[in-house]
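# Close look at the chain arrangement
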Amino acid sequence: MPSTKEIRRRIKSVKNIQQITKAMKMVAAARLRRAQERAMSSQPYTSKVQEALSSVARSIAEEVRDEVVHPLLEVREVNKKCYLILGADKGLAGAYTSNLLKEVTPQVSGKDDVALVTVGRKVRDFYRRRNYEIDSSYLGISEKPSFKDASTIASFLAEKYIQAEYDEIYIVYTHFYSPAHVKPVTIKLLPIADAGSLVPNEAKNDEAVTAVEANMEYIFEPNPKEVLSFLVPKYIETVIYSSLLQAAASELGSRMAAMSLATDNAQELISELTLYYNKVRQASITTEITEIVSGAEALK
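Residues numbered from 1 in each chain as written. Predicted model: local features only at pLDDT ≥ 70, side-chain atom pairs only at ≥ 80, totals over all residues. Heavy atoms only, no water.

### A look at the nonpolar core
Leu 84, Ile 153, Leu 157, Ile 171, Leu 189, Ile 236 and Ile 240 are the most contacted members of the largest nonpolar core, which totals 45 residues. Elements represented by at least two residues in this core include exactly helix H1 (4-63), strand E1 (81-86), strand E2 (114-119), helix H4 (147-162), strand E4 (168-178), strand E5 (181-190) and helix H6 (224-299). Residue contributions to this core peak at 12 residues, all from H6. When neighbours within four sequence positions are excluded, Leu 157 is seen to be in contact with Cys 82, Leu 84, Val 117, Tyr 166, Ile 169, Leu 189 and Ile 240. Of all hydrophobic cores here, the second largest spans 14 residues; its members include Leu 100, Phe 126, Tyr 132 and Val 172. (Core = buried A, V, L, I, M, F, W, Y, C linked by side-chain atoms within 4.5 Å. Buried < 20%, exposed > 50% of the residue type's maximum accessible area, 1.4 Å probe, protein only. Helix = DSSP H or I, 4+ residues; strand = E, 2+ residues; numbered from the N terminus. Contact = heavy atoms within 4.5 Å.)

### What to know about empty space enclosed by the protein
Gaps between atoms show up when a probe of the same size as a water molecule is rolled over them. A complete count under the given rule lists 1 cavity of 30 Å³ or more for this structure. Roughly 30 Å³ of volume is contained in the largest cavity. Lining of the largest cavity is provided by Leu 86, Gly 87, Val 119, Ile 141, Ser 142, Leu 244 and Ala 247. For the lining of the largest cavity, the per-class residue count stands at 5 nonpolar, 2 polar and no charged. (1 Å grid on protein atoms, 1.4 Å probe; cavity = no way out; pocket = protein on both sides within 12 Å on 5 of 7 lines; lining within 4 Å. Points joined across faces, edges and corners; volume = space filled by probe spheres on them. Nonpolar A, V, L, I, M, F, W, Y, C, P; charged D, E, K, R; others polar.)

### So, unusual backbone geometry
The step from Leu 190 to Pro 191 runs through a cis peptide bond, and the omega angle for that step is -5°. With respect to the helices and strands, the residue Pro 191 is situated in the loop between E5 and helix H5 (206-213). Although it is not a glycine, Leu 92 adopts a positive phi angle of roughly 60°. Note on placement: Leu 92 falls in the loop between E1 and helix H2 (96-104). Overall, Leu 92 belongs to the exposed group, its relative accessible area being 55%.

### Some thoughts on the confidence of the model for the chain
Mean pLDDT over the chain works out to 83, with 85% of the residues at or above the 70 mark. When mean pLDDT is taken per element in the chain, E1 scores highest with 93 and H5 scores lowest with 45. This model gives residues 195-214 a pLDDT under 50, and the stretch forms 27 contacts once residues within four places in sequence are excluded. (pLDDT = per-residue confidence, 0-100.)

### Details of the pairing of E5
Bridge count for E4 against E5 is 9 bridges, and the pairing is antiparallel. When the bridges of E5 are listed, Val 172 appears paired with Thr 186. Hairpin connection between E4 and E5: a loop of 2 residues separates the two successive antiparallel strands. (Pairing = 2+ DSSP bridges.)

### What about the sheet that holds E2?
Spatial strand order, E3-E2-E1-E4-E5: 5 strands in an open sheet with mixed pairing. Among the strands making up the open sheet, the edge pair consists of strand E3 (134-138) and E5. Mean inter-strand twist for the sheet, computed between neighbouring axes without regard to direction, equals 20°. In the packing of H2 onto the sheet, contacts are made with E1, E4 and E5, and the angle to E4 comes to roughly 140°. This element, helix H3 (residues 121-129), spans E1, E2 and E3 of the sheet and lies at about 155° to E3. (Axes fitted to C-alpha atoms, helices over the stretch in contact; angles between N-to-C directions.)

Dropping the structure here:
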């Protein structure tokens with residue numbers, strides 16, 4: 001049986017850990033609010049870019065058939081796929097990273113015909129230990145991504161696709177619905193077959209989908225091909241940036257939930273240890289009283 005001193009020491013250590021998890025919960029909650037606002041504010045712009053790209057692609061398809069009007073729209077035989085995996089740089093976020101890896105690992109079972117581009121130290125280290133080919137890795141941007149980061153990643157992927165090093169490119173990230181509900185999803189980035197396919201069904205805005213399906217008419221100046229040459233790279237940057245923002249909000253939401261659970265568990269453990277401490281202390285007092293009474297009886 002541990003002594004009362006040992007139990008007091010353990011209670012103190014659990015209280016110290018509880019203070020840390022509580023502080024981490026508050027920090028994650030503050031950052032989550034800002035990340036959630038950024039993720040939500042990017043959705044209207046992303047939807048409009050998708051809408052415009054879909055319209056201009058249809059306009060050109062009606063004029064030019066069976067002709068590649070932009071290298072990023074070229075569809076070819078798939079010999080090598082690339083997966084852009086948006087993970088976390090830090091841990092202590094519950095099952096955030098493990099759920100993301102469960103989503104992507106079955107899709108990259110063949111190492112020879114798959115290349116990986118990772119965001120976050122956790123994902124990079126996981127696949128590096130398993131001898132996967134990682135063409136590029138981006139660290140330190142998982143919680144606070146910027147549009148410049150998205151542009152850098154988009155330029156790298158677009159160049160690889162144009163050079164025919166990748167035949168298909170997918171994005172795997174965790175979509176944010178609420179702090180208690182996040183879900184890993186996989187979307188096809190290149191080749192661009194359908195603008196609407198780059199958004200998970202659950203995440204589509206009803207108004208935006210209705211606008212796309214209504215086949216809205218646009219006037220393109222100077223001409224649709226020049227608009228398309230500008231719009232396609234911008235579209236890829238926008239989709240990657242939106243995915244980065246969704247992943248950042250999901251990471252912070254998962255960390256806040258994990259730290260909240262850890263704080264509650266620490267409180268329960270403190271209550272149990274305090275009760276156990278009182279029992280041990282009472283037993284010790286009872287033993288001492290018994291020894292005193294027994295000694296007094298022996299002296300009679």
